[in-house]
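Overview (structure and organization)
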Amino acid sequence: MQPLSITELNDRAREIFRQIVEAYLASGAPVGSRTLAKLGSLGLSPASIRNVMQDLEELGLLASPHTSAGRMPTEIGLRLFVDGMMQTSEPAPEERAAIEAQLRGDGLPIEDVLSRTAALLSGLASCAAIVHVPKAEPVLRQISFVPMAPGRALAVLVGDDGSVENRVIDLPAGLPASALMMASNYINARLTGLTLGQATARLREEIAAERAALDTVAQDVVERGLAVWSSDGAARSVLIVRGQAHLLEDGGAADLERVRSLLADLDAKEELVRVLDLARDGQGMKIFIGSENKLFSLSGSSVIAAPYRASGDRIVGVVGVIGPTRLNYARVVPMVDYTAKALSRLIK
């Protein structure tokens, strides 16, 4: 179905739709025509309101869970509301003060500060909160290969920041020790000061141009040594999830299956990181509603995420919340945005 623009609804339909969505997001229950008529602001009879609700349902903006029940917004309806009708405001002064207090850190490591911030955001938004911190690839200072059992060696990488990482790599059978020495000397002479990705690209360029002073066996060792770090880049990232218990609140028995599905989604860390990467790559706030994102299509959940930045406006991570599609978007969206901006000030 082609997405509707809010301008395609007349004033009466737009106002009835807005009141239904706001009432549903506040209560989680379908909204009936009598409920709207009692509010009095529309000046319409229940029968007139029902006719408009029927039109909105035919447009795909509302749905009725039961024949005799009221209406609730569909995912398409929620998207229309969020994009075209929602009015947001800054978080309350006490909420902003609480976020800033967590970010002061009191000398704690940055990951502890991020964890505390996620826990606070979870409480304020009554959702699960997430912070994703993709760790930067180390810059090479030195690498060495230490022979182990036949066919294996320990690759020891020293980063420019003084960090040391070890990986075991498999080697071709019968590889001479001289090939390990040649590989170490080549990397330390030609590739230091580069990230792993840059070093791998440089190696391929030099091999293609036949400038690499390596025989075929030593080239293979170098490639294995670099690849063993490059291949586990996802494992470097830190994914903090706090407040899953909030997902169990305000839901009846009918919600339990949805919550179980959502908790299973949150355990799928690699898939969740891919969702957050969309927010980082998009350069700004991202709101995914229900099946708009494949990971959360079964649990019927929404994700609100925003990137935070280091100096030079470089994006270094993502902060956000996950909850049911009936989130209080008008309140939670500016809260996530404020937290992302506060994190950016801290990192800078």
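Heads up: the structure comes first, above all this text.
Residues numbered from 1 in each chain as written. Predicted model: local features only at pLDDT ≥ 70, side-chain atom pairs only at ≥ 80, totals over all residues. Heavy atoms only, no water.

1. Some points on the overall build of the protein
- The helix and strand tally for the protein stands at 13 helices and 10 strands.
- Per-residue burial over the protein gives 45% buried out of 348 residues.
- A separation threshold of at least 6 residues defines the contact pool for the protein, and within that pool the share at least 24 residues apart is 61%. (Helix = DSSP H or I, 4+ residues; strand = E, 2+ residues; numbered from the N terminus. Buried < 20%, exposed > 50% of the residue type's maximum accessible area, 1.4 Å probe, protein only. Contact = heavy atoms within 4.5 Å.)

2. Details of the pattern of salt bridges
- Taken as a whole, this structure holds 10 salt bridges when the rule is applied.
- The shortest N-O distance in the salt bridge between Glu57 and Arg71 comes to 2.7 Å. Taken together, the residues Glu57 in helix α3 (residues 46–58) and Arg71 in the loop between β1 (62–63) and β2 (72–73) connect sequence positions 14 residues apart.
- Here Arg152 and Asp170 are joined by a salt bridge, their closest N and O atoms 3.7 Å apart. With Arg152 in strand β5 (residues 152–159) and Asp170 in strand β6 (residues 164–170), this pair connects stretches of sequence that are 18 residues apart.
- Connected through salt bridges with shared partners, the residues Glu15, Arg18 and Glu22 form a single ionic network. (Salt bridge = Lys/Arg side-chain N within 4 Å of Asp/Glu carboxyl O.)

3. Let's talk about the sheet that holds strand β4 (residues 140–147)
- Read across the sheet, 3 strands follow the order β4-β5-β6 without closing on themselves; strand pairing throughout is antiparallel. Two strands bound the open sheet, and with one partner strand each, they are β4 and β6. Neighbour to neighbour, the strand axes of the sheet diverge by 20 degrees on average, direction disregarded.
- As paired elements, β5 and β6 share 7 bridges and run antiparallel to each other. Along β6, the bridge assignment pairs Val158 with Val164.
- Strands β4 and β5 of the sheet are contacted by helix α7 (residues 177–190), whose axis makes an angle of about 175 degrees with β4. (Pairing = 2+ DSSP bridges. Axes fitted to C-alpha atoms, helices over the stretch in contact; angles between N-to-C directions.)

4. Digging into unusual backbone geometry
- Its identity is not glycine, yet Ser126 carries a phi of approximately 55 degrees, on the positive side.
- Summarising the element assignment, Ser126 is placed in the loop between α6 (110–125) and β3 (128–133).
- For Ser126, a relative accessible area of 39% corresponds to the partly exposed category.

5. Concerning the nonpolar core
- Membership of the largest hydrophobic core comes to 59 residues, with the highest contact counts inside it found for Ile16, Phe17, Leu56, Ile304, Val321 and Tyr329.
- When residues in this core are grouped by element, the largest group, 9 residues, is from helix α13 (residues 329–347).
- Here Phe17 is in contact with Leu56, Leu61, Leu62, Gly77, Leu80, Phe81 and Met85, once residues within four sequence places are set aside.
- One finds Ala153, Leu196, Leu203 and Leu214 within the second-largest nonpolar core, a separate group that totals 24 residues. (Core = buried A, V, L, I, M, F, W, Y, C linked by side-chain atoms within 4.5 Å.)

6. Focus on the packing of aromatic side chains
- Taken as a whole and judged by the stated rule, the model has 0 aromatic pairs.
- Across from the ring centre of Tyr338, 5.8 Å away, lies the NZ or CZ of Arg345, which sits over that ring. (Phe/Tyr/Trp six-rings, centres within 6.5 Å; stacked < 30°, edge-to-face > 60°. Lys NZ or Arg CZ within 6 Å of the ring centre and 35° of its normal.)

7. Overview of the pairing of β3
- Taking burial as the measure, the 6 residues of β3 include 6 buried ones, the bulk of the element.
- Taking every second residue as pointing to the same face, both faces of β3 are buried, with Ala128, Ile130 and His132 on one and Ala129, Val131 and Val133 on the other.
- Across 5 bridges, β3 lies against strand β10 (residues 315–324) in antiparallel orientation. Bridge assignment links Ile130 to a residue of β10, and that residue is Gly320.
- In terms of strand pairing, β3 meets strand β7 (residues 238–242) through 5 bridges, oriented antiparallel. Bridged to Ala129 within β7 is Arg242.

8. Quick notes on the environment of Val217
- Looking at the element boundaries, Val217 is found in helix α9 (residues 216–230).
- What makes Val217 partly exposed here is its relative accessible area of 36%.
- The residues touching Val217, leaving out its near neighbours within four places in the chain, are Leu175 and Ala179.

9. Notes on helix α5 (residues 93–104)
- The terminal C-alpha atoms of α5, which comprises 12 residues, lie 17 Å apart, in line with the 16 Å expected from a rise of 1.5 Å per residue.
- Buried within α5 are the following residues: Glu95, Ile99 and Leu103. One side of α5 holds all its buried residues, which, seen down the axis, span an arc of 70 degrees. Among the exposed residues of α5, those oriented more than 90 degrees off its buried face are Pro93, Glu94 and Arg104. (Expected span 1.5 Å × (residues − 1). Arc of directions from axis to C-beta.)

10. What to know about the sheet that holds β10
- Reading across the sheet, the 5 strands line up as β7-β3-β10-β9-β8 and stay open at both edges, with antiparallel pairing between neighbours. A single partner strand is all that each edge strand has here, and the edge strands are β7 and β8 (286–289). The sheet shows a mean angle of 15 degrees between the axes of neighbouring strands, taken without regard to direction.
- As judged from the 4 bridges shared by β8 and strand β9 (residues 301–309), these two strands associate in the antiparallel manner.

11. Observations regarding the environment of Val316
- Structurally, the position occupied by Val316 is in strand β10.
- Distance from Val316 to Val133, taken between C-alpha atoms, is 6.7 Å for residues 183 residues apart in sequence.

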